[in-house]
Amino acid sequence: MENIKSSYKKYHYNKVFQSICFAMNPSRIVEFGILEGYSLDCFVSNTQDCLIDGNDLFDEFPYNAANYEFVVEKYKNYSNLNIYKRDFYNSVDVYEDNSIDILHIDIANNGDTFEFAIKNYLPKVRGIMIMEGGSKERDNIDWMIKYNKSKIQPVLKKYENDVRITVLEDFPSITLIKK
C-alpha cells in the first residue's frame, strides 16, 4: 500500500475502511473507481467470505485512469473479487435493491455524482455508502472550479433530513451515507 497513489493515504483512510469492514462483516462490497486499488486493497484484506465487485471505466476515463491490465494482474489471486469495466451511471440495474453491504464510490465525485448515487444507488445498499469528497474544502479544489463541476455540499444539505450523512472532513474527505 506504500507505493499506491491515493489522496486517501495522507489521513490514513485505510483505517476507516478497515473499521467499517470489521464492524459490518460484509458479504457484498461494490466499488466504483479503482485507480491503483488503495480502497480495494483495504476491502480484500479486511473481509472474509465477501464477494467484491471492482468497477471502473479504465481507459475510457479521460483523466487519471486505472490501467485494466495492471488491476487484473494485481488481483488475479482473489477468487472473491471480480473486476468489471463498467460505467457508474449505466450500471444501476446490475445490482438489486438491498443487495450491497458496502458501496464505495470514488470516480472524480462532484454534486452530480452524489445526487445520482443517493437517488439510484442508495436503494441498492443495505449497509453503508462511502463516497469520496463531501467537505467544503473538497468542493473548492482546482479541477472542480476549472471544469465548473457542481458542488457536493448543497446536495448533502438537500438530503440531510432524508438520509443519515456524516462527512469526515480531512482532505480529500469521505462522506458516509445510510438510509
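Everything in this summary refers to the structure shown in the same document. (Residues numbered from 1 in each chain as written. Predicted model: local features only at pLDDT ≥ 70, side-chain atom pairs only at ≥ 80, totals over all residues. Heavy atoms only, no water.)

### Digging into helix α1 (residues 14–24)
Every buried residue belonging to α1 is among Asn14, Val16, Phe17, Ile20 and Cys21, and all of these are buried. Along the axis of α1, the buried residues cluster in a sector spanning 165°; they form a single face. Structural note: α1 exposes Phe22 and Ala23 on the side pointing more than 90 degrees away from its buried face. For α1, the elements touching its buried residues are β1 (28–32), α2 (38–45), β4 (100–105), β5 (125–132), β6 (164–168) and β7 (174–178). (Buried < 20%, exposed > 50% of the residue type's maximum accessible area, 1.4 Å probe, protein only. Helix = DSSP H or I, 4+ residues; strand = E, 2+ residues; numbered from the N terminus. Arc of directions from axis to C-beta. Contact = heavy atoms within 4.5 Å.)

### A look at unusual backbone geometry
Of note, the bond from Phe171 into Pro172 is cis; its omega dihedral lies within 30 degrees of zero at 15°. Relative to the helices and strands, Pro172 is located in the loop between β6 and β7. Within the chain, Asp49 stands out as a residue other than glycine whose phi angle is a positive 50°. Inspection of the secondary structure puts Asp49 in the loop between α2 and β2 (51–56). Since its relative accessible area comes to 77%, Asp49 is described here as exposed. Of note in this structure, Ser173 is not a glycine but carries a positive phi near 80°. As for its placement among the helices and strands, Ser173 is situated in the loop between β6 and β7. Here Ser173 falls in the buried class, since its relative accessible area comes to 0%.

### Let's talk about the nonpolar core
With 26 residues, the main nonpolar core has Phe17, Ile52, Ile83, Ile102 and Ile130 as its most contacted residues. Residue assignment for this core shows that the elements contributing at least two residues are α1, α2, β3 (81–85), β5 and β7. Examining the composition of this core, we find that five residues originate from one element, α2, more than from any other. Non-local contacts of Ile102, meaning those with residues more than four positions away in its chain, are made with Ile20, Cys21, Met24, Pro26, Arg28, Ile29, Val30, Phe43, Ile128 and Ile130. One finds Val92, Ile100, Ile118 and Met129 within the second-largest nonpolar core, a separate group that totals 22 residues. (Core = buried A, V, L, I, M, F, W, Y, C linked by side-chain atoms within 4.5 Å.)

Interpretation note: all reported values are geometric properties and have no functional meaning in isolation.
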